[in-house]
Amino acid sequence: MNKNSRKYRILLINPYQDMRSWIMYKERNLLSLSFTTRTIKAITPDDFEVKLIDQCVEDIDFDADVDLVGVTSLTHNSYRAYKVAEEFKKRNKPVVMGGYHATFLPEEAKKCVDSVVIGEAENVWPELLNDFKNGKLKAFYKSNLPAELQGLPIAAKEKYYGSKYGSFSMPYPMHASRGCTNGCSYCSINRFYNRTIRYRPIIEIIDEIKKTGYKFIAFMDDNLILDAKYAKEFFAALKPLNIKWTMQTSILIAEHEELLKLAAESGCFCFYIGVESINQLSLDSVDKKINRAEKFLAAFKKIKEYEISIVLLIIFGFDGDTKSVFNQTLDFLKEAGVLNAEFSMLVPFPGTLLYKKLKKENRILSYDWKNYNPGWHCVFQPKNMEPHELEAGFKKVLIKYNTPFWVLKRLIAGGKKIFLTMPGYYL
Ligand code: SF4
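Procedures and definitions
- Residues numbered from 1 in each chain as written.
- Predicted model: local features only at pLDDT ≥ 70, side-chain atom pairs only at ≥ 80, totals over all residues.
- Heavy atoms only, no water.
- Phe/Tyr/Trp six-rings, centres within 6.5 Å; stacked < 30°, edge-to-face > 60°.
- Helix = DSSP H or I, 4+ residues; strand = E, 2+ residues; numbered from the N terminus.
- Buried < 20%, exposed > 50% of the residue type's maximum accessible area, 1.4 Å probe, protein only.
- Lys NZ or Arg CZ within 6 Å of the ring centre and 35° of its normal.
- Axes fitted to C-alpha atoms, helices over the stretch in contact; angles between N-to-C directions.
- Parallel < 35°, antiparallel > 145°, perpendicular 65-115°, else oblique.
- Left-handed = near helix turned anticlockwise from the far one by under 90°.
- Contact = heavy atoms within 4.5 Å.
- Nonpolar A, V, L, I, M, F, W, Y, C, P; charged D, E, K, R; others polar.
- Pairing = 2+ DSSP bridges.

1. Overview of the packing of aromatic side chains
Argument step 1. Scanning the model with the defined rule gives 26 aromatic pairs in all.
Argument step 2. With a centroid separation of 5.1 Å and 55° between ring planes, the pair formed by Phe316 and Phe326 is classed as tilted. Residue Phe316 is located in strand S13 (residues 309-316), and its partner Phe326 is located in helix H12 (residues 325-336); the two are separated by 10 residues in the primary sequence.
Argument step 3. When its relative accessible area of 0% is taken as the criterion, Phe316 is described as buried.
Argument step 4. Above the face of the Tyr79 ring, Lys370 is positioned so that its terminal group lies 5.6 Å from the ring centre.

This is the structure:
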């Protein structure tokens, strides 16, 4: 109890992010807010009341009667996270910050907050809350061990669908694993989790799906199929649940016929695949070793044999890219026949190997984090074009790919499954 003899009140805040499409923004962020901050909420002891706020969905009442504020941060919304922290600090409220950006630049974050959580929060959250109650918050809380995924409380204690944090157009977000052992140099995930991967016990995931009753699920894992044996058992266990589901996956799934079969039989209708580039030189330049450009079309064909749709994730600006990459990518997409593709410009996020490399080569052009938005600005000197040429080429692809002709083609190719994917991907 706090000094007013009531439970301590915590606000956990996901600050606003600028994105190209408001719907895409909203859906993406609700998905992540739903999982990560809800897990933290679920493990918070009963003498605390926790309220989650996504700044896109609702305004923050900076004068609210709260005892502790937690803010999460990605690089491109870190300036907004700092602004939120500043407002609460002005009102003498203690603020703690975590997330990728605070983890990779803890000293920077510490200038704006009382405490910084470095790494996964689950292990240090109980200690932090205890210190808070004793008025002894430390400057940094570093999680040295990976968080235990066995026995995780069910994140969705509260109603999801029909609430302002869950629309009917969105699948319910879940994770079966955390991390990735691959070493793609532009990726923050492998750095955050030290190139490890951990899996939740399958029985607990099945139990969670049964208890929540959700029939439409998005598995937000970074690379679930890394352990093919686990993936097979997992997909087989999903079969009796009669659900529809989607997941992010590496393209290597196309090489596992049994996995594809089990995925399709258990209700999978769409894969989100990070092909990243159709240019092998570009893939090599960022150590994306698992992607072989010459195998992409055959892989899509194989996946479609199982009636699973494909959304591609493509990045422009790698060191192998020349100005011709934009037209080449559009030509490739005509042939690929996938449900959709989503594009971004390369961003050297702090903490990644790419950031270190470009910094060493004096190729970082801006350290203004609000420009580190994959869909807005080029913040580094590309190798084979000028920054404005990368921005213009990227915009050209976005516009051309979203002309009525292309959209209609995708709608026809997508068939009824298009209604099962997130509408934000079409705007
Ligand atoms: S495979 Fe994906 S999650 Fe793994 S390191 Fe590469 S980009 Fe990151």
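2. Focus on the packing of helix H7 (residues 202-212) against helix H8 (residues 228-238)
To characterise two packed helices, one gives the angle between the axes of the helices and the distance between these axes.
Argument step 1. Packing of H7 against H8 brings their axes to within 10 Å, and their N-to-C directions diverge by 30°. For the element pair H7 / H8, the angle class is roughly parallel. Handedness of the H7/H8 crossing: right-handed. Taken together, the residues of H8 that come into contact with H7 (itself represented by Ile202, Ile205, Ile206 and Ile209) are Tyr230, Glu233, Phe234, Ala237 and Leu238.
Argument step 2. The residue makeup of the contact of H7 with H8, split by class, is 8 nonpolar, no polar and 1 charged.

3. With respect to the sheet that holds strand S14 (residues 340-345)
Argument step 1. In space, the 6 strands of this open sheet follow the order S7-S10-S11-S12-S13-S14, with parallel pairing throughout. The strands lining the two open edges of the sheet, one partner per strand, are strand S7 (172-174) and S14. Taken pair by pair, the neighbouring strands of this sheet meet at an average axis angle of 20°, ignoring direction.
Argument step 2. Pairing geometry for strand S10 (residues 216-219) and strand S11 (residues 244-249), over 4 bridges, is parallel. Across the sheet, residue Ala218 finds its bridge partner in S11, namely Thr246.

4. What to know about the sheet that holds strand S4 (residues 95-98)
Argument step 1. Reading across the sheet, the 6 strands line up as S2-S1-S3-S4-S5-S6 and stay open at both edges, with parallel pairing between neighbours. Every other strand in the sheet has two partners, leaving strand S2 (48-54) and strand S6 (140-142) as the edge strands with one partner each. Direction aside, the axes of adjacent strands within the sheet are offset by 20° on average.
Argument step 2. As paired strands, strand S5 (residues 115-118) and S6 are joined by 3 bridges and run parallel to one another. Counted as the bridge partner of Val117 is Tyr141 from S6.

5. Structural notes on the side chain of His76
Argument step 1. Within the fold, His76 resides in the loop between strand S3 (68-72) and helix H2 (78-90).
Argument step 2. When near neighbours in sequence (up to four residues on either side) are disregarded, His76 contacts Gln17, Phe349, Trp369, Lys370, Tyr372, Asn373 and Pro374.

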